[in-house]
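Each chain is listed here by its residues.
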Amino acid sequence: MKFDTPATLNPIDQLKTIGQPMNRIDGLLKTTGTAPYAYERHDVVQHPAYGYVVGSAIAKGRIRSIGLAQASRAPGVLAIVTAQNAGKLGQGKMNTAPLLAGPQVAHYHQAVALVVAETFEQARAAAQLVRVDYEPVAGAYDLAKAKDSAVPPDSINGDAPDTAIGDFEGAFASAAVKVDATYTTPDQSHAMMEPHATLAAWKGDQLTVWTSNQMIAWGQGELAKTLGIPKDKVRLVSPFIGGGFGGKLFLRADALLAALGARAAGRPVKVALQRPLMANNTTHRPATIQRVRIAAGQDGRITAIGHESWSGDQPGGSADGAVDQTRRMYAGTHRMTATRLAVLDLPEANAMRAPGEATGHMALEVAMDELAEKLGIDPVELRIRNDTQVVPDSGKKPQAKAKEGTPAQEHKPFSRREFVQCLRTGAERFGWSQRNPQPAQRREGRWLIGLGMAGAYRGAPVMKSAARVRLDRRGMLTVETDMTDIGTGSYTIIAQTAAEMLGLPLQQVRVRLGDSGFPVSAGSGGQWGAASATSGVYAACVKLREAVARKLGMDPATAEFSDGHVQAGGKRRALASAAGDADLTAEDAIEFGVLDKKMQQSTFGAHFVEVAVDAFTAEVRVCRMLAVCAAGRILNPKTARSQVIGAMTMGVGAALMEELAVDTRLGYFVNHDLAGYEVPVHADIPHQEVIFLDEVDPMASPMKAKGVGELGICGVSAAIANAIHNATGVRVRDYPITLDKLLAGLGRLA
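Everything quoted here is computed from the prediction, not taken from an experiment. (Residues numbered from 1 in each chain as written. Predicted model: local features only at pLDDT ≥ 70, side-chain atom pairs only at ≥ 80, totals over all residues. Heavy atoms only, no water.)

## Section: the nonpolar core
Here comes step 1: Ranked by size, the top nonpolar core spans 96 residues in total, and within it Ile294, Leu371, Phe608, Val611, Leu656, Ile720 and Leu742 carry the most contacts.
Here comes step 2: Ranked by size, the runner-up nonpolar core spans 47 residues in total, among them Ala540, Ala568, Leu575 and Met703. (Core = buried A, V, L, I, M, F, W, Y, C linked by side-chain atoms within 4.5 Å. Buried < 20%, exposed > 50% of the residue type's maximum accessible area, 1.4 Å probe, protein only.)

## Examining the sheet that holds strand 13 (residues 269-272)
Here comes step 1: Pairing within the open sheet is mixed, and its seven strands lie in the order 4-6-2-13-10-11-12. Bordering the open sheet on either side are strand 4 (77-81) and strand 12 (234-237), each of which pairs with just one other strand. Adjacent strand axes in the sheet meet at a mean angle of 20° when their direction is disregarded.
Here comes step 2: Against the sheet, helix 6 (residues 216-227) engages strand 10 (197-203), strand 11 (206-211) and strand 12, with an angle of about 140° to strand 12.
Here comes step 3: In the packing of helix 7 (residues 253-265) onto the sheet, the strands contacted are strand 2 (49-55), strand 4, strand 6 (111-117), strand 10, strand 11 and strand 13, and the crossing angle to strand 10 comes to about 35°. (Pairing = 2+ DSSP bridges. Helix = DSSP H or I, 4+ residues; strand = E, 2+ residues; numbered from the N terminus. Axes fitted to C-alpha atoms, helices over the stretch in contact; angles between N-to-C directions. Contact = heavy atoms within 4.5 Å.)

## Notes on the packing of helix 9 (residues 357-375) against helix 16 (residues 716-728)
Here comes step 1: Packing of helix 9 against helix 16 brings their axes to within 8 Å, and their N-to-C directions diverge by 35°. Of the two possible hands of crossing, helix 9 and helix 16 adopt the one that is right-handed. Residues His361, Met362, Glu365, Val366, Asp369 and Glu373 of helix 9 touch helix 16, and the partners they reach there are Ser717, Ala718, Ala721, Asn722 and His725.
Here comes step 2: Its residues assigned to classes, the contact of helix 9 with helix 16 shows four nonpolar, four polar and three charged. (Left-handed = near helix turned anticlockwise from the far one by under 90°. Nonpolar A, V, L, I, M, F, W, Y, C, P; charged D, E, K, R; others polar.)

## Re empty space enclosed by the protein
It is a probe the size of a water molecule, rolled over the atoms, that shows where empty space is left.
Here comes step 1: Scanning the entire structure with this criterion turns up five cavities of 30 Å³ or more.
Here comes step 2: Residues lining the lining of the largest cavity come from more than one domain, with at least three contributed by each of domain 2 (49-138 + 194-283) and domain 3 (414-460 + 601-749).
Here comes step 3: Its boundaries defined by the atoms lining it, the second largest cavity holds a volume of some 70 Å³.
Here comes step 4: Taken together, His196, Thr211, Ser212, Asn213, Gly219, Leu236, Lys248, Phe250, Leu251, Arg252, Asp254 and Ala255 form the lining of the second largest cavity.
Here comes step 5: Here the lining of the second largest cavity is built from residues that sort into four nonpolar, five polar and three charged. (1 Å grid on protein atoms, 1.4 Å probe; cavity = no way out; pocket = protein on both sides within 12 Å on 5 of 7 lines; lining within 4 Å. Points joined across faces, edges and corners; volume = space filled by probe spheres on them. Domains from an automatic or database assignment.)

## Remarks on the domain arrangement of the protein
Here comes step 1: Split into domains, the protein comes out as domain 1 (2-35 + 461-588), domain 2 (49-138 + 194-283) and domain 3 (414-460 + 601-749).
Here comes step 2: Each partner contributes residues to the interface: domain 1 has 21 residues there, and domain 2 has 17 residues.
Here comes step 3: Summed over both partners, the interface of domain 1 with domain 2 comes to about 1,400 Å²; 59% of that surface belongs to carbon and sulfur atoms.
Here comes step 4: Between domain 1 and domain 2 we count one salt bridge in total.
Here comes step 5: With a shortest N-O distance of 2.5 Å, Asp515 and Arg235 are connected by a salt bridge.
Here comes step 6: Applying the counting criterion to the domain 1 and domain 2 interface returns seven residue pairs in polar contact (both at pLDDT 80 or more).
Here comes step 7: For the side of domain 1 that touches domain 2, the residue count by class is nine nonpolar, seven polar and five charged. (Buried area = accessible area lost by both parts, 1.4 Å probe. Salt bridge = Lys/Arg side-chain N within 4 Å of Asp/Glu carboxyl O. Polar contact = N/O pair within 3.5 Å; in protein donor to acceptor, adjacent residues only side chain to side chain.)

And the structure:
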């Protein structure tokens, strides 16, 4: 099915199941511990062996030799895999560094060996006997020192790394009021609960991996390419995933090593990356240095806005897209964005929930707060005054003028932009009018109280997505697609979509996900999953509806599906009767056309936060949080709310505690486990409220829906930083905002 014209009235608009706060259909499996996660698949193979990963003890250099004699003789050892005996390995295009080191070492804890044994304990014990002789070399591990050598990347998510409109430097220099500040964000870890884990088994030349992976088709293709075997010889199965946040978008070492270990041992092998290896072995959100400059007239209208960002990655890696939201958030005639990428020998940097926008908002939305303070204008009002219904900066390199008088920069309209409504709704619900604009004025005992807010932007990309639907004679409908559920509720919204389309109760829909043998979906990532995958199911259901109507002798154009029946032209038949003795099957994909070229498809929001800061210790407590989101039709308010409050929680972590501390001498993340890498716990999180605006976007998809799971993290950290400033008068521009960064400024208040 081609989606190249705006959606009109369709069966989804009945809203019998779609748009309703349905309980998760996989909830019972999750709460009873019977959901089949990769490492716990006791039902698919017999007597698997266990692999234990040996990670590099240096950050850069080469392996002179690996001594395996002692480890090979250890009890229970079946095989030891290294680059020397693994055979020729390719490298997937989505992996920046090889997943198995040798002889060169690209980063600390890069896998150098896998020990396979009868039990996990035997594999772990034998791994300590592997002797690796390294030849370390000097590397670059400090972004601040590498900043001056950074260069523009090829692109940022397909857009130009640098853009320029008008005369930014001139307009900024001559402005009445301006902000020029530098903000820094640290390296951060996905820290998902379920580690990267895989169970691999060979049957002849056919490989099956049960793994924890967000993108089935990507993982299948990358594993085949790395092993040098045909893609159809690899089956990848991932029906349940215990969190990914972008860290499981691509093939990682666990899947490759499990496959190599199973081949070497001649039996199934399971591998779970040890928690202390995850921070350095897998990907992370890179640190950034961001300079934001905003100028405005006394009326609060922005005249010039510039955003520059520096980040680092392995050679051949990608830059953090921190400037992305600045190109689309606020009006302003004179504009500039620039992105620079430094080569660092730290572990591989890559996507982490809202890549680019999550870090970019941490700078931009604090700079907007600083501008509001200088102007003496309320922060909400400042954003409203600078709203725009067209994209001020497309992110493309300006084209030469076609003829005199025509603009070089195209300004696309937004398909829907309810940003102002988000701001006004949030301000009213949160009680923003009670905020004292003068910092450090509200105190309750030893606690300094402050309110802060921030705007939120996230793109609404979509991807081709396919599904297969099958109706049996009992009236049960089965949906199959390789879409994944990373805790987001994919099972439920896909079931709701199919139920709505075929007029069935949710209990008569069965959903099967996460198998490369199923039609290829968009997968889970980039906030494209829900809108794309449900649209693929929609397309397959449209085809099935047509087949059912024809089978029952009805006009497909007028047939109505409800309560398990089909009616048209005065006839009414049970839906199940169309299947007969054989199942009725349909398969189709949604292919998105050029609508996103005509109009910018985005999601918007506003975050409001109240904090309390101890005047003596600088302890920060988040007291209240509110998110208002405009993200098209909300397919399931209950699961969507869970996504947003989870994102808000991650925003608290980014603002106050999350930081991978870099040893800039030896080149590794020091706090590489959950004992040292702090994340918010229940006691850190207060009451959270989420409001979804009643919005549909016919330009986005036939579902008229857009993603929301990454919008929820955009702006949260900035709102907390702004609230801390309102409480204390101390402005911290270096995340996370820890006690030591606040204490010096609190002396006069204590």
